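Listed below are the residues making up each chain.
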Amino acid sequence: MTPLKARTQLGRWDEIVATPKPAEDLAYPTAIWHYAQGMAALHQARFDDAQAHLTALATAAADPVWEQAHIGPQHTLASTLKIAERMLSGELAAARKDYPAALAALQQAETLEDGLVYYEPPVWHQPVRQTLGAVQLAAGQAAAAEASYRQDLLRYQDNGWSLFGLAQALRAQKKNEEAAATE
C-alpha cells in the first residue's frame, strides 16, 4: 500500500486512478485503495465518486476485525483506516466548502494520529496537521493554521510542506518578516 499512499501524498491522481482494485480477498489493501481513489476523485472534482469511495472506506474502517490485525507490535490496522476515513471525509467536506465539517473530521484524524506510538517509518504516511493547516487557511483561520503547522514542525522538523504552509499562514496574518525567514 506504500505506493498508493505515496502517490496520494504527492498528488499523483492519474496514476492512482489507473491503479486496479485489489483482489476481493485483500480487504485492507482494498480499503486503502478506496482512500486513494477517493482522494484522487475529489482532487479531480468527481465528488460523487469520492463520496462512493468514502462510503466504502467508512464501512471497512468500522469493521472490528481490524482491531486484531497489527502494523508492528503496537498499531492496529484500525488506526490507519480510521485516520484515512477522517482524512478523506475532511478533505471532501473542504472541497464542498463545508469548513465546520472539514475541520471537525481533520481534528479527529489529528487526535487519532497523535495516539500513534512512534514507529519507523510512520504508521500514517502524511502528517494530518499539514492538511488541517491548509483547510484552516482556506476557512480564514490563519492563526489556527499557524499553530497546526508549528505543532507539525515539532514532530517533523524541517518538513518542507509544513514550512511552506507556515509561511502562508504567517503572510495571511501580515507577519511578513517571519514568513520570509520561514521561506
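Nothing here was measured: the structure is a model prediction, and the numbers come from that model.

Right, let's talk about the pattern of salt bridges for a bit. Side-chain pairs of opposite charge can arise whenever the charged atoms involved come near each other. Under the criterion given, the structure shown has 13 salt bridges. Between Glu 67 and Lys 82 there is a salt bridge; the shortest N-O distance is 3.0 Å. Of this pair, Glu 67 sits in the loop between helix 4 (47-61) and strand 1 (70-71) while Lys 82 is found in helix 5 (residues 77-95), placing the two residues 15 residues apart along the sequence. Take Glu 67: its relative accessible area is 35%, and that puts it in the partly exposed class. Lys 82 gets classed as partly exposed once you look at its relative accessible area, which sits at 33%. Two residues, Glu 178 and Arg 150, come together in a salt bridge whose shortest N-O distance is 2.2 Å. Note that Glu 178 is positioned in helix 10 (residues 176-182) and Arg 150 in helix 8 (residues 142-155), a separation of 28 residues in sequence. Among the charged side chains, a network of salt bridges with common partners joins Glu 110, Asp 114, Arg 129 and Arg 155.

With that out of the way, let us pick up the environment of Arg 171. With respect to the element layout, Arg 171 can be found in helix 9 (residues 160-172). The class of Arg 171 is partly exposed, set by a relative accessible area of 33%. As for Arg 171 and Ala 142, which are separated by 29 residues in sequence, their C-alpha atoms are 8.8 Å apart.

With respect to the helices and strands, the residue Val 128 is situated in helix 7 (residues 128-138). Along the sequence, Val 128 and Asp 152 sit 24 residues apart, while their C-alpha atoms lie 8.4 Å from each other. Setting aside residues no more than four positions away along its own chain, Val 128 makes contact with Ile 83, Met 87, Leu 106, Ala 109, Glu 110 and Glu 113.

What the largest pocket holds in volume is close to 460 Å³. Broken down by secondary-structure element, the contributors of at least two residues to the lining of the largest pocket are helix 1 (2-10), helix 3 (27-43), helix 5, helix 7 and helix 9. Ranked by residues supplied to the lining of the largest pocket, first place goes to helix 7 with five residues. Counted by class, the lining of the largest pocket contains 12 nonpolar, eight polar and one charged residues. The calculated volume of the second largest pocket comes to roughly 240 Å³. In terms of lining residues, the second largest pocket is bounded by Thr 2, Lys 5, Ala 6, Gln 9, Ile 71, Tyr 119, Pro 121, Pro 122, Val 123, Trp 124 and His 125. At four residues, helix 1 tops the list of elements feeding residues into the lining of the second largest pocket. In terms of residue class, the lining of the second largest pocket is made up of seven nonpolar, three polar and one charged.

Attention shifts here to the side chain of Arg 129. Relative to the helices and strands, Arg 129 is located in helix 7. Aside from chain neighbours lying at most four places away, what touches Arg 129 is Glu 110, Glu 113, Asp 114, Ser 148, Tyr 149, Gln 151, Asp 152 and Arg 155.

The rules we used
- Residues numbered from 1 in each chain as written.
- Predicted model: local features only at pLDDT ≥ 70, side-chain atom pairs only at ≥ 80, totals over all residues.
- Heavy atoms only, no water.
- Salt bridge = Lys/Arg side-chain N within 4 Å of Asp/Glu carboxyl O.
- Helix = DSSP H or I, 4+ residues; strand = E, 2+ residues; numbered from the N terminus.
- Buried < 20%, exposed > 50% of the residue type's maximum accessible area, 1.4 Å probe, protein only.
- Contact = heavy atoms within 4.5 Å.
- 1 Å grid on protein atoms, 1.4 Å probe; cavity = no way out; pocket = protein on both sides within 12 Å on 5 of 7 lines; lining within 4 Å.
- Points joined across faces, edges and corners; volume = space filled by probe spheres on them.
- Nonpolar A, V, L, I, M, F, W, Y, C, P; charged D, E, K, R; others polar.

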